[in-house]
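# Summary of structural features
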Amino acid sequence: MSTETPGIDPLLALRAPRDPACDVFLTGTVFLDIIFTGLDSAPVRGTESWARGMGSSPGGVANMATALARLGLHTSLAAAFGDDHYGEYCWDALEQGEGIDLSMSRTVPGWHSPVTVSMAYEGERTMVSHGHEAPPPTGTASPAPVTTPAPDPVFPHCPPRARAAVASLAPGRPEPWVAAAARGGALIFADVGWDETGRWDLDALPDLAHCEAFLPNAEEAMRYTRTDCPRAAAHALAERVPLAVVTLGAEGAYAVDGRTGAAAEVPAIEVEALDPTGAGDVFVAGFVTGTLADWPLADRLAFAGLTAALSVQEFGGSLSAPGWAEIAAWWQLVRTCDRQAPAALERYAFLDDLLPATARAWPLRRAVPTIGFRQ
């Protein structure tokens, strides 16, 4: 269940009658994530390890979709779901639990759901996944659960009209829907994975030409730009895309507006990280939210970093994505703590115009796992 504070719509002041019903569209693979927590160390070959807790939730692209929906954005997801119990659970958790529009998704008879087992220990995680690529749409989708309209068979050739779309770029693999979404007026936000080819060639990412924003991490950015400094990499990328955002890990994030040449840097919030699963997805969701709301660049970076920091304090991917209730509780807490630097508080003063005057007490739990655990 989402913990979003009712009534908070970050785009409320910008909405108009003829706007698209969808704020953000995305597509990808949904995994069932099974998360083991409370491990003292990495599993050792030939031994049995006991975890003090576990949970399960939709993962993969569902991490991003959930993070967007919990920030109040009308989110549409196109994905394949197995017709097994795992697929039914993921569909229900996303549609009923998070309010995500799955009208572009489909159920595939005889195809089993991809599964990832994640083991969190020592602030890191180890994952084991299994699955097979879903067969392509045939144009006549299989019936979805009875609570949902039948999927629209025109995707991926004609994505829905949306304010924005999130894509994951891969070398040499253009996605036709990205160009179609951009032609329809959507702002394209893209991240990228590790280049297994070792070429690190920006020209091998043809969909980059359609992007409003590109959000690689520091290592990826430096390799793609042949630079030895992530800030220099951001400036180089800003020559290819309107917005270049480079995440710097514990140092925060750096962004360059290629249209104006303006740059912004925001340090990371220091937190005790329990599980980094999905933190990158949450960062992108926060940045998309701020961009669609037309916030200043530095505010977008600060908000994205804040939501990512809140997420790593909980276990799980989509389970840990914060909603406005967590953000409001955090903001109320930090303003009452002793020895807070005035400059640091001022960095997040823009939250005053978004959040209610009163908030529930910190700490707040995110969505409760299907199998509970104790610390």
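Read on for an overview of the structure. (Residues numbered from 1 in each chain as written. Predicted model: local features only at pLDDT ≥ 70, side-chain atom pairs only at ≥ 80, totals over all residues. Heavy atoms only, no water.)

### Considerations on the overall build of the protein chain
The following threshold applies: Helix and strand assignments follow DSSP, with helices taken as H or I runs no shorter than four residues and strands as E runs no shorter than two, numbered in order from the N terminus. Only heavy atoms enter the contact rule, under which two residues are in contact if any of them lie within 4.5 Å. Only the protein chains shown count as covering a residue, and every accessible area follows the Shrake-Rupley method with a 1.4 Å probe.
Scanning the protein chain from terminus to terminus reveals nine helices and 14 strands. Relative to all contacts within the protein chain whose residues are 6 or more apart in sequence, the contacts with residues 24 or more apart total 69%. Of the roughly 17600 Å² of accessible surface on the protein chain, 54% is carried by carbon and sulfur atoms.

### Structural notes on the environment of Tyr 254
The condition that has to hold: Residue exposure (1.4 Å probe, protein chains only): buried if accessible area is under 20% of the type maximum, exposed if over 50%, otherwise partly exposed. Any N or O atom pair separated by 3.5 Å or less is treated as a polar contact, with the protein-specific requirement of one donor-capable and one acceptor-capable atom, and with residues adjacent in sequence counted only for side-chain atom pairs.
Relative to the helices and strands, Tyr 254 resides in strand S13 (residues 253–257). Overall, Tyr 254 belongs to the buried group, its relative accessible area being 11%. As for Tyr 254 and Ala 244, which are separated by 10 residues in sequence, their C-alpha atoms are 8.3 Å apart. For Tyr 254, the contacting residues outside a window of four places in its chain are Arg 231, Ala 234, His 235, Ala 244, Val 245, Val 246, Leu 248, Ala 263, Ala 264, Glu 265 and Leu 301. One polar contact links Tyr 254 to His 235, side chain to side chain, over a distance of 2.8 Å.

### So, the pairing of S13
Put simply, side chains in a regular strand alternate between the two faces of the sheet. Basically, it comes down to this: Should DSSP find at least two bridges between two strands, the strands are taken to pair.
For S13, the tally of buried residues reaches five of five residues, placing the bulk of the element in the interior. Burial along S13 is two-sided: the residues Ala 253, Ala 255 and Asp 257 and Tyr 254 and Val 256 are all buried. Pairing between strand S12 (residues 243–247) and S13: five bridges, direction antiparallel. Following the sheet pairing, Leu 243 is matched in S13 by Asp 257. Connecting S12 to the antiparallel partner S13 that follows it, the hairpin turn spans five residues, and Gly 249 within it adopts a positive phi of roughly 65 degrees. Pairing analysis gives four bridges linking S13 to strand S14 (residues 263–266), with the strands arranged antiparallel. Its bridge partner being in S14, Val 256 is matched across the sheet by Ala 263. In textbook terms, the turn of a hairpin is the stretch between consecutive antiparallel strands, and for S13 and S14 this stretch comprises five residues, one of which, Gly 261, has a positive phi near 85 degrees.

### Some points on helix H6 (residues 279–292)
What counts is decided by this rule: Multiplying 1.5 Å by the residue count of a helix minus one yields the expected span of that helix.
Taking 1.5 Å per residue as the helical rise, H6 with its 14 residues ought to reach 20 Å, and the 20 Å between its terminal C-alpha atoms agrees with that figure. Burial of H6 is extensive: 13 of the 14 residues sit out of reach of the surface. A positive phi of about 65 degrees marks Asp 294, the residue just after H6.

### A few points about the pairing of S12
Burial analysis of S12 places four of its five residues in the buried class, which makes it a mostly covered element. Sheet topology note: the strand S11 (residues 211–214)/S12 ladder contains two bridges and is parallel. Across the sheet, residue Ala 213 finds its bridge partner in S12, namely Leu 243.

### Comments concerning unusual backbone geometry
The residue Trp 200 is not glycine, and still its phi comes out positive at about 50 degrees. Structurally, Trp 200 can be placed in the loop between strand S10 (187–192) and S11. One non-glycine residue, Asp 294, adopts positive backbone phi at about 65 degrees. Mapped onto the elements, Asp 294 comes out in the loop between H6 and helix H7 (297–311).

### Considering the pattern of salt bridges
Here is the rule: Salt bridges are identified by distance alone: a Lys or Arg side-chain nitrogen within 4 Å of an Asp or Glu carboxyl oxygen.
What the rule picks out here adds up to 14 salt bridges. The closest approach of N and O atoms between Arg 163 and Asp 23, which form a salt bridge, is 2.9 Å. Residue Arg 163 is located in strand S9 (residues 162–169), and its partner Asp 23 is located in strand S1 (residues 22–27); the two are separated by 140 residues in the primary sequence. Here the two residues Arg 163 and Asp 23 agree in accessibility, since each one is buried. With a shortest N-O distance of 3.2 Å, Arg 199 and Asp 201 are connected by a salt bridge. Classification of Arg 199 as exposed rests on a relative accessible area of 52%. Among the residues examined, Asp 201 registers a relative accessible area of 23% and is labelled partly exposed. Where salt bridges share partners, they join Asp 9, Arg 15, Asp 19, Asp 23 and Arg 163 into one cluster.

### Examining H7
Its 15 residues give H7 an end-to-end C-alpha distance of 21 Å, which sits within 8% of 21 Å, the value for a rise of 1.5 Å per residue. Counting buried positions along H7 yields 13 of 15 residues, so the element is predominantly enclosed.

Read these as layout, nothing more, since geometry by itself doesn't imply function.
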